Amino acid sequence: MNEASGQFRMMHTMIRVLDLDKSIAFYTGLLGMTLLRRDDYPDGKFTNAFVGYGPEESDTVVELTHNWGREEPYEIGSGFGHLALGVTDIYAVCDALAQQGAKIPRPPGPMLHGTTHIAFIEDPDGYKIELIGLDTM
Ligand SMILES: C[C@@H](O)C(=O)SC[C@H](NC(=O)CC[C@H](N)C(=O)O)C(=O)NCC(=O)O
Ligand code: NI
């Protein structure tokens, strides 16, 4: 820790989404997050929806930005990696997600070159979400 660290707090990660209702349903319905707030900006023709596991005052959350009228899928690019969620019993969680139709391009198991058990699922826009087996860390 350095002297500057007390001045900053991690607030959110923003991702641009094509279908806001579909994304909100994914993050709340499948991943158990809460829709914390939804702010429309008519002058900018966009909406921000914040989802997470606790209030923004104490938790780092995800900001889903929807640009009105956008139809072209976003290019996620090779630089973006993933959002990471910790879970207990990653195998049971992945089974339940698969039964609900979630895309799981990387099934659960020990990570390459490591020992932590991870999995990767995809959100409606194709953003990778890593699931980390907390009991395997
Ligand atoms: C510990 C956990 O939070 C990780 O994200 S490690 C996952 C691991 N990451 C990498 O290998 C990064 C280097 C790689 N060359 C890259 O640029 O992505 C990972 O993605 N492992 C893949 C797997 O299937 O285990
Ligand atoms: Ni990670």
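Note that this is a predicted model, so its numbers are computed, not measured.

A. The arrangement of the pattern of salt bridges in detail. Scanning all chains against the criterion turns up four salt bridges. Two residues, arginine 38 and aspartate 21, come together in a salt bridge whose shortest N-O distance is 3.2 Å. One end of the pair, arginine 38, is in strand β2 (residues 34–41); the other, aspartate 21, is in helix α1 (residues 20–30), and 17 residues separate them in sequence. Judged by relative accessible area, which is 43%, arginine 38 ranks as partly exposed. Its salt-bridge partner being glutamate 56, residue arginine 37 comes within 2.5 Å of it at the nearest N-O pair. Remark: glutamate 56 occurs in the loop between β3 (46–52) and β4 (61–67) and arginine 37 occurs in strand β2; sequence separation between them is 19 residues.

B. Representation of the UniProt feature "domain: VOC" (unreviewed entry) in the protein chain. Feature annotation in UniProt assigns "domain: VOC" (unreviewed entry) to the following positions: residues 9–134. In this annotation, residues 9–134 is assigned 17% helix and 41% strand; the end-to-end C-alpha distance for the span is 23 Å.

C. Summary view of the coordination of the nickel ion (ligand 2). Protein coordination of the nickel ion (ligand 2) is provided by His82 (NE2) and Glu130 (OE), with donor distances spanning 2.1 to 2.2 Å. Around the nickel ion (ligand 2) sit four donor atoms, and with donor-metal-donor angles ranging over 75 to 165° the site reads as irregular. A residue pair is termed long-range when its members are at least 10 positions apart, and histidine 82 in the loop between β4 and β5 (83–87) and glutamate 130 in strand β8 (residues 128–133) qualify at 48 residues. Judged by relative accessible area, which is 37%, histidine 82 ranks as partly exposed.

D. Local environment of the environment of proline 107. By the element assignment, proline 107 lies in strand β6 (residues 103–110). A sequence separation of 28 residues divides proline 107 from glycine 79, and the C-alpha atoms of the two residues are 22 Å apart. Those residues in contact with proline 107 that sit more than four places away from it in its chain are Ile118 and Ala119.

E. A look at the side chain of threonine 65. Of note, threonine 65 is situated in strand β4. In this structure the side chain of threonine 65 is engaged in a polar contact, spanning 2.7 Å, whose partner is the side chain of asparagine 48.

F. Representation of the sheet that holds strand β7 (residues 117–122) in the model. Spatially, four strands are ordered β5-β8-β7-β6 in an open sheet, and the strand pairing comes out mixed. The sheet is open, and its two edges are formed by β5 and β6, each paired on a single side. Neighbour-to-neighbour, the strand axes of the sheet open up by a mean angle of 20°, direction not taken into account. In the sheet, β6 pairs with β7 via four bridges, with the strands oriented antiparallel. The residue bridging proline 110 from the neighbouring strand is histidine 117, located in β7.

G. Up close: α1. Those residues of α1 lying buried are Leu20, Ser23, Ile24, Phe26 and Tyr27. Here the buried residues of α1 occupy an arc of 160° about the axis, which is enough to place them on one side. Turned more than 90 degrees from where α1 packs its buried face, Lys22 and Gly29 sit exposed. Of the residues that open α1, the one with a side-chain oxygen 3.2 Å from the backbone nitrogen of aspartate 21 is aspartate 19. Glycine 32 occupies a position one or two residues after α1 and carries a positive phi of about 75°.

Calculation criteria
- Residues numbered from 1 in each chain as written.
- Chains lettered and ligands numbered in written order.
- Predicted model: local features only at pLDDT ≥ 70, side-chain atom pairs only at ≥ 80, totals over all residues.
- Heavy atoms only, no water.
- Salt bridge = Lys/Arg side-chain N within 4 Å of Asp/Glu carboxyl O.
- Helix = DSSP H or I, 4+ residues; strand = E, 2+ residues; numbered from the N terminus.
- Buried < 20%, exposed > 50% of the residue type's maximum accessible area, 1.4 Å probe, protein only.
- UniProt positions renumbered as here; feature names shortened; annotations may be inferred.
- Donors = N, O, S within 2.8 Å, 3.2 Å for Na, K, Ca; no water.
- Tetrahedral: all angles 85-135°; square planar, octahedral: opposite > 155°, others 65-115°.
- Contact = heavy atoms within 4.5 Å.
- Polar contact = N/O pair within 3.5 Å; in protein donor to acceptor, adjacent residues only side chain to side chain.
- Pairing = 2+ DSSP bridges.
- Axes fitted to C-alpha atoms, helices over the stretch in contact; angles between N-to-C directions.
- Arc of directions from axis to C-beta.

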